[in-house]
Amino acid sequence: MWSGEELDLDAYLARIGYEPERDGELGPDLRTLTYLHRAHVGAVPFENLDVALGKPVLLDLKSLQGKLVERSRGGYCYEQNSLFAAVLERIGFAVAARGARNRSRGAVLPPVTHALLVVTIEGEEWLADVGFGWQGPLEPVPLHDGARGQQGGWTFAIGAEDEGIHVLRSLRPQGWTDLYAFAPQTLYPGDFVVMNHYSSSHPQSRFLGQVVAQRPGTEVRRALVRETLSVMRTDGFTEERIVGAAELVATLETEFGIELDDEERAGVERIHPAGV
């Protein structure tokens, strides 16, 4: 389903810093899923730079490996979770995809534009999502109503609504915040292609025409949207500053681990807001 047999697993493990001799053998179990999930989000940043630069976003495994594994680049949800699904499939996990409505932006009824994974281990389902950016979980979350878990300094929970809808929530100082809601319908790689087309080309997509780079962390989460760099800590303290054009490339490299070639550097500097 996810072309796991074509994956260069050794290269992927090197990218996320996984060493079997140190970290244990891989197997379709919760320990492996948790370790891979945490290592992936720690190593591979969320970013939209290809979309911002008007380049096609390719979801075939060869392209994903070339961008997210062989280079120090990242991607957004379709790229991240397609690659992660291939990894899990290769190891022997039962993995399926879901489509979600992003509620973190306050829209009353946003379209289904987010992609996530559901992994079944010994009959129990786990939400796995390495592609939701700085607000996303660091580790898998048990997929049943009332599930709640602390990940570093962050707390996530699962709620249930009508029609089998599940909601991923995050605890903030002001209370619980809905991140996204998703139905039990299984999606396939072809569905990701259609959703990716909207997110990478539709005029209303928030990814067009601006740089977005995000990274979750155990204590600190970072997000760069357009010219604003936001840093959020576990106690709810958020700090923001403006990133000027002269420091944009350096910020992408030092804060998010994104290394660009000369053409990409020139491109992101060109679309950076004038006068900043």
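Residues numbered from 1 in each chain as written. Predicted model: local features only at pLDDT ≥ 70, side-chain atom pairs only at ≥ 80, totals over all residues. Heavy atoms only, no water.

Q: So what about the packing of aromatic side chains? Which residues, and what values?
A: Geometrically, a pair of aromatic rings is defined through the distance of the ring centres and the angle of the planes. In this structure the tally under the stated criterion is eight aromatic pairs. Ring plane angle 45 degrees and centroid distance 6.2 Å describe the contact between Phe-46 and Phe-207, whose orientation is recorded as tilted. One end of the pair, Phe-46, is in strand β1 (residues 46-47); the other, Phe-207, is in the loop between α7 (189-201) and β10 (212-215), with 161 residues separating them in the sequence. With a relative accessible area of 9%, Phe-46 lands in the buried category. For Phe-207, a relative accessible area of 9% gives the class buried. Geometrically, the ring pair formed by Phe-132 and Tyr-180 is edge-to-face, given 4.9 Å between the ring centres and 75 degrees between the ring planes. In this pair, Phe-132 sits in the loop between β4 (124-128) and β5 (141-142) while Tyr-180 sits in strand β9 (residues 175-182), placing the two residues 48 residues apart along the sequence. (Phe/Tyr/Trp six-rings, centres within 6.5 Å; stacked < 30°, edge-to-face > 60°. Helix = DSSP H or I, 4+ residues; strand = E, 2+ residues; numbered from the N terminus. Buried < 20%, exposed > 50% of the residue type's maximum accessible area, 1.4 Å probe, protein only.)

Q: Residue-level account of unusual backbone geometry, with values.
A: The phi dihedral of Glu-163 falls on the positive side, at around 65 degrees, and the residue is not glycine. For Glu-163, the position within the fold is in the loop between β7 (154-160) and β8 (166-172). The backbone phi angle of Arg-226 is positive, close to 60 degrees, even though this residue is not glycine. One can find Arg-226 in the loop between β11 (220-225) and β12 (228-233). Given the relative accessible area of 39%, Arg-226 is considered partly exposed.

Q: Give me the lowdown on the sheet that holds β8, citing residues and values where you can.
A: The eight strands are arranged β5-β4-β3-β2-β9-β8-β7-β6 in an open sheet whose pairing can be described as antiparallel. Bordering the open sheet on either side are β5 and β6 (148-151), each of which pairs with just one other strand. As paired elements, strand β2 (residues 94-102) and β9 share three bridges and run antiparallel to each other. Considered in β9, the bridge of Ala-100 is made with Phe-182. Contacting β2, β3 (112-121) and β4, helix α6 (residues 77-91) runs over the sheet at an angle of about 15 degrees to β3. Strand contacts of α7: β2 and β3, with the helix running at about 145 degrees to β3, the strand carrying the most contacts. (Pairing = 2+ DSSP bridges. Contact = heavy atoms within 4.5 Å. Axes fitted to C-alpha atoms, helices over the stretch in contact; angles between N-to-C directions.)

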